[in-house]
Amino acid sequence: SNELVTVCCMHFLPDDAIGELLDESTTEVVLLGKEVLEDYFLGKLVLRAIVDALKEKLNTYRVSSAHLPTDIKRPRQTREFLDFLGGFYRSECDSQKNELFYWGVNEVVDANVMSNIMTCHEGKFAGILQKFKYGMLISLEERACLLELRKKALGLLVQIDGEDS
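Below is a short write-up of the structure. Everything quoted here is computed from the prediction, not taken from an experiment.

Orientation of helix 1 (residues 2-9) relative to helix 3 (residues 40-59), taken along the N-to-C sense of each, is 105°, at an axis distance of 9 Å. Comparing their axes, helix 3 and helix 1 come out roughly perpendicular. In this structure, helix 1 uses Leu 4, Cys 8 and Cys 9 to contact helix 3, whose residues at the interface are Leu 42, Val 46 and Ile 50. The residue makeup of the contact of helix 1 with helix 3, split by class, is six nonpolar, no polar and no charged.

What follows is the structure, encoded as structure tokens:
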């Protein structure tokens with residue numbers, strides 16, 4: 001979007017260009033468009049900044065069953081729920097010997113686990129399972145959007161490099 005391009009460009013523009021963008025004497029909002037990305041150097045800087053930011057954001061979705069918060073009120077129930085979830089992940093990844101499991105690393109594995117969990121109505125964990133389903137569904141949707149944006153940014157980087165050759 002133009003907003004994303006403008007924000008990413010701010011760090012790389014000279015002070016006078018930033019002054020024009022932030023001119024308070026006008027009520028008009030000035031946004032930089034996709035044309036900025038056609039400039040070899042500025043385009044590469046902006047696209048690299050976007051790709052790096054997306055990589056960092058995607059890393060925030062990675063969670064391990066080994067990293068539990070220390071202030072859990074019901075540790076036994078939490079451990080039982082994690083063991084329950086771990087069964088889905090271990091069967092999906094064919095790794096029975098490893099007690100740890102991770103979500104947020106592989107979208108395909110998470111989607112497969114999610115489809116298995118959607119049909120599950122575990123009475124003991126009904127409340128937390130429902131919350132986990134909603135959270136995982138939102139997480140998968142967000143990650144899919146971020147990955148699509150990353151794919152587009154990487155495609156534009158390749159296109160810029162191709163035009164330089």
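Back to the text.
Here we come to the state of the cysteines. Counting across every chain of the model gives zero disulfides. With no disulfide of its own, Cys 9 has Cys 8 as its nearest cysteine by sulfur position, at a separation of 7.1 Å. Residue Cys 9 is classed as buried on the basis of its relative accessible area, which comes to 0%.

Moving on, we come to helix 1. Among the residues of helix 1, Val 5, Thr 6, Cys 8 and Cys 9 are the ones counted as buried. The buried side chains of helix 1 occupy one side of the element, clustering within an arc of 170° when seen end-on. On its buried side, helix 1 packs onto helix 2 (15-21) and helix 3.

Attention now goes to the packing of aromatic side chains. All chains considered together, the criterion is met by one aromatic pair. Ring plane angle 85° and centroid distance 5.0 Å describe the contact between Tyr 40 and Phe 41, whose orientation is recorded as edge-to-face.

In terms of nonpolar packing, the biggest core is built from 21 residues, with Cys 9, Leu 13, Leu 32 and Val 46 touching the most fellow members. Contributions of two or more residues to this core are made by helix 1, helix 2, helix 3 and helix 6 (126-164). If one sorts the elements of this core by residue count, helix 3 sits on top with seven residues. Leaving out residues up to four positions away in the same chain, Val 46 has contacts with Cys 8, Cys 9, Phe 12 and Leu 37. By size, the runner-up hydrophobic cluster in this structure holds 18 residues, among which are Leu 82, Leu 85, Phe 88 and Trp 103.

With that out of the way, let us pick up the environment of Tyr 40. You can see Tyr 40 is positioned in helix 3. Among the residues examined, Tyr 40 registers a relative accessible area of 28% and is labelled partly exposed. A C-alpha to C-alpha distance of 8.1 Å links Tyr 40 and Asp 161, two positions 121 residues apart in sequence.

As a further point, take helix 3. For helix 3, with 20 residues, the first-to-last C-alpha span of 28 Å sits near the 28 Å given by 1.5 Å per residue. Within helix 3 the residues assigned to the buried category are Leu 42, Gly 43, Val 46, Leu 47, Ile 50, Val 51, Leu 54 and Leu 58. Looking straight down helix 3, one finds its buried side chains confined to an arc of 160°; they lie on one side. Facing away from the buried side of helix 3 by over 90 degrees, the exposed positions are Phe 41, Lys 55 and Glu 56.

Next up on the list: the pattern of salt bridges. Enumeration according to the criterion identifies three salt bridges in this entry. Ionic pairing is found between Asp 52 and Arg 48, a salt bridge with its closest N-O pair at 3.4 Å. With Asp 52 and Arg 48 both in helix 3 and four residues apart, this pair spans about one turn of that helix. Residue Asp 52 is classed as partly exposed on the basis of its relative accessible area of 38%. A relative accessible area of 39% means that Arg 48 is categorised as partly exposed. In this structure, the salt-bridge partner of Asp 110 is Arg 143, at a minimum N-O distance of 2.7 Å. Highlighted residues: Asp 110 in helix 5 (residues 107-118) and Arg 143 in helix 6, separated in sequence by 33 residues.

Cut-offs and rules
- Residues numbered from 1 in each chain as written.
- Predicted model: local features only at pLDDT ≥ 70, side-chain atom pairs only at ≥ 80, totals over all residues.
- Heavy atoms only, no water.
- Axes fitted to C-alpha atoms, helices over the stretch in contact; angles between N-to-C directions.
- Helix = DSSP H or I, 4+ residues; strand = E, 2+ residues; numbered from the N terminus.
- Parallel < 35°, antiparallel > 145°, perpendicular 65-115°, else oblique.
- Contact = heavy atoms within 4.5 Å.
- Nonpolar A, V, L, I, M, F, W, Y, C, P; charged D, E, K, R; others polar.
- Disulfide = S-S within 2.5 Å.
- Buried < 20%, exposed > 50% of the residue type's maximum accessible area, 1.4 Å probe, protein only.
- Arc of directions from axis to C-beta.
- Phe/Tyr/Trp six-rings, centres within 6.5 Å; stacked < 30°, edge-to-face > 60°.
- Core = buried A, V, L, I, M, F, W, Y, C linked by side-chain atoms within 4.5 Å.
- Expected span 1.5 Å × (residues − 1).
- Salt bridge = Lys/Arg side-chain N within 4 Å of Asp/Glu carboxyl O.

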